[in-house]
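Observations on the model geometry
Chain residues, written in single-letter form:
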Amino acid sequence: MEWNDNAIILGVRRHGETSVVAEVITRSRGRHLGLVRGGRSRAMQPVLQPGNVVDVTWRARLEEHLGDFRMEPLRLRAGHLMETATSVYGVQALAALLRLLPEREPHPHLYESMDIILENLHEPRAAGELFIRFELAVLNHLGFGLDLTRCVATGEQEDLAFVSPKSGRAVCRAAGQPYADKMLAMPSFLRKERTQAADFTSLTQAFRLTGYFLERHVYEPRGITVAAARDGFCQAALKALRALDGVQDNPPMPS
């Protein structure tokens with residue numbers, strides 16, 4: 001068995017004295033593991049850093065085997081990803097989200113999305129918005145997609161201000177206002193009629209929104225905890241936006 005594809009490194013773990021098991025997300029083969037012989041060498045360690053893009057060839061006697069990876073570097077951006085807190089936490093948080101999906105299940109859209117996000121993690125406004133859309137995509141792939149396109153009560157597509165915590169569907173302002181204290185806020189940058197990019201307030205709302213549904217549908221049923229990297233990314237992105245947007249107070253961070 002053999003295939004070749006482009007891949008993004010998600011992480012590695014030691015295997016024996018000289019090798020590692022590498023975890024990657026590929027364009028057409030999904031999240032995949034493979035043994036890299038000599039992966040702990042000085043030549044390979046810089047290549048096998050999270051966020052780097054590689055050309056990978058996988059070989060195994062049978063398809064269900066772990067198999068061996070042979071890798072050639074294409075884009076070594078791990079050093080750049082170490083420059084900001086949003087980048088350091090972001091690449092780890094993205095990898096943790098992909099681990100919620102079945103291994104070897106193709107998700108070319110998520111591969112492309114992750115590649116774009118990794119190029120923008122240094123810019124907190126773009127990184128935060130892209131990260132939220134990535135979480136929404138993961139929820140959708142897991143079968144828990146949110147419908148943020150029209151009001152669940154009236155069918156209206158305008159002035160969507162809330163999201164129902166029960167149905168995961170949007171609610172317009174008129175229908176949801178009497179129950180506002182029980183609703184989740186609809187971040188302005190996720191609305192159909194969006195007029196501006198994510199800011200401190202809307203990104204705070206968005207982290208709470210996706211975090212709520214990930215906890216309800218994924219983490220709690222599986223008996224696992226939210227990756228610490230997600231909290232680190234949220235904190236770093238909001239801290240940077242607080243300064244950029246001139247937010248003076250110190251509102252609570254999303255849980």
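Residues numbered from 1 in each chain as written. Predicted model: local features only at pLDDT ≥ 70, side-chain atom pairs only at ≥ 80, totals over all residues. Heavy atoms only, no water.

**Comments concerning the overall build of the protein chain**
Counting its secondary structure elements, the protein chain contains 7 helices and 8 strands. The C-alpha atoms of the protein chain give a radius of gyration of 20 Å, which matches the 18 Å a tight globule of 255 residues would have. By its C-alpha atoms, the protein chain is 60 × 40 × 30 Å across when sized along the principal axes. By residue count, 46% of the 255 residues in the protein chain fall in the buried class. At a minimum sequence separation of 6, the contacts of the protein chain that also span at least 24 residues come to 57%. As presented, the protein chain carries roughly 12500 Å² of accessible surface, and 51% of it is formed by carbon and sulfur atoms. Averaging the locations of the 31 positively and 30 negatively charged side chains of the protein chain gives two centres separated by 3 Å. (Helix = DSSP H or I, 4+ residues; strand = E, 2+ residues; numbered from the N terminus. Rg over C-alpha atoms; globule rule 2.2 N^0.38 Å. Buried < 20%, exposed > 50% of the residue type's maximum accessible area, 1.4 Å probe, protein only. Contact = heavy atoms within 4.5 Å. Areas by Shrake-Rupley, 256 points an atom, 1.4 Å probe, with all protein chains shown as cover. Lys, Arg positive; Asp, Glu negative; His and termini not counted. Charge placed at Lys NZ, Arg CZ, Asp CG, Glu CD.)

**Remarks on the sheet that holds strand β7 (residues 170-172)**
Pairing is antiparallel in the open sheet, where 3 strands are placed in the order β7-β6-β8. Here the strands that pair on one side only, and so sit at the sheet edges, are β7 and β8 (184-185). With 2 bridges connecting them, strand β6 (residues 160-163) and β8 associate as antiparallel partners. Looking at the pairing, Val 163 lines up with Leu 184 of β8. (Pairing = 2+ DSSP bridges.)

**With respect to the domain arrangement of the protein chain**
Domains assigned within the protein chain are domain 1 (2-75) and domain 2 (83-148 + 186-247). On the side of domain 2, 18 residues touch domain 1, which itself brings 24 residues to the contact. For the domain 1 and domain 2 pair, buried surface summed over both sides reaches about 1600 Å², with 52% attributable to carbon and sulfur atoms. Together, Ile 8, Arg 27 and Arg 31 form the three largest contributors to the area buried by domain 1 at its contact with domain 2, with a combined 39%. Inspection of the region where domain 1 meets domain 2 yields 4 salt bridges. The partner of Arg 75 in a salt bridge is Asp 115, and the shortest N-O contact between them spans 2.9 Å. Counting the contacts that link domain 1 with domain 2 gives 10 residue pairs in polar contact (both at pLDDT 80 or more). For the side of domain 1 that touches domain 2, the secondary-structure elements that each account for two or more residues are β1 (2-15), β2 (19-26), β3 (30-36) and β4 (53-59). The biggest single contributor to the side of domain 1 that touches domain 2 is β1, with 5 residues. (Domains from an automatic or database assignment. Buried area = accessible area lost by both parts, 1.4 Å probe. Salt bridge = Lys/Arg side-chain N within 4 Å of Asp/Glu carboxyl O. Polar contact = N/O pair within 3.5 Å; in protein donor to acceptor, adjacent residues only side chain to side chain.)

**Description of unusual backbone geometry**
Here the phi dihedral of Arg 104 falls at roughly 65°; this positive angle occurs in a residue that is not glycine. Take Arg 104: it is sitting in the loop between α2 (85-98) and α3 (108-120). For Asp 159, which is not glycine, the phi torsion reads 55° and is therefore positive. Within the element layout of this structure, Asp 159 appears in the loop between α4 (124-141) and β6.

**What to know about the side chain of Arg 77**
Along the chain, Arg 77 falls in the loop between β5 (68-75) and α1 (78-81). Excluding residues within four positions of it along the chain, Arg 77 makes contact with Ile 8, Gly 51, Asn 52, Val 53, Asp 115, Leu 118 and Glu 119.

**Describing the pattern of salt bridges**
Here the structure, examined in full by the defined rule, presents 15 salt bridges. The salt bridge involving Asp 68 is made with Arg 37; its shortest N-O contact spans 3.2 Å. Taken as a pair, Asp 68 in strand β5 and Arg 37 in the loop between β3 and β4 lie far apart in primary sequence, 31 residues in all. Taking relative accessible area as the criterion, Asp 68 reaches 28% and is therefore assigned partly exposed. As a salt-bridge pair, Arg 77 and Asp 115 come within 2.6 Å of each other at their nearest N and O atoms. Here Arg 77, found in the loop between β5 and α1, pairs with Asp 115, found in helix α3; they are 38 residues apart in sequence, far enough to count as distant. With respect to burial, Arg 77 and Asp 115 carry one shared label: buried. Each member of the salt-bridge network shares a partner with another, and the members are Arg 75, Arg 77, Asp 115 and Glu 119.

**Let's talk about the packing of α2 against helix α7 (residues 228-245)**
Orientation of α2 relative to α7, taken along the N-to-C sense of each, is 150°, at an axis distance of 8 Å. Here α2 lies roughly antiparallel to α7, going by the angle between them. Once α2 is placed against α7, the crossing between them reads as left-handed. Along its contact with α2, which presents Ala 85, Thr 86, Tyr 89, Gly 90, Gln 92 and Ala 93, the element α7 presents Ala 229, Arg 230, Gly 232, Phe 233, Ala 236 and Ala 237. Residue classes in the contact of α2 with α7 are distributed as 7 nonpolar, 4 polar and 1 charged. (Axes fitted to C-alpha atoms, helices over the stretch in contact; angles between N-to-C directions. Parallel < 35°, antiparallel > 145°, perpendicular 65-115°, else oblique. Left-handed = near helix turned anticlockwise from the far one by under 90°. Nonpolar A, V, L, I, M, F, W, Y, C, P; charged D, E, K, R; others polar.)

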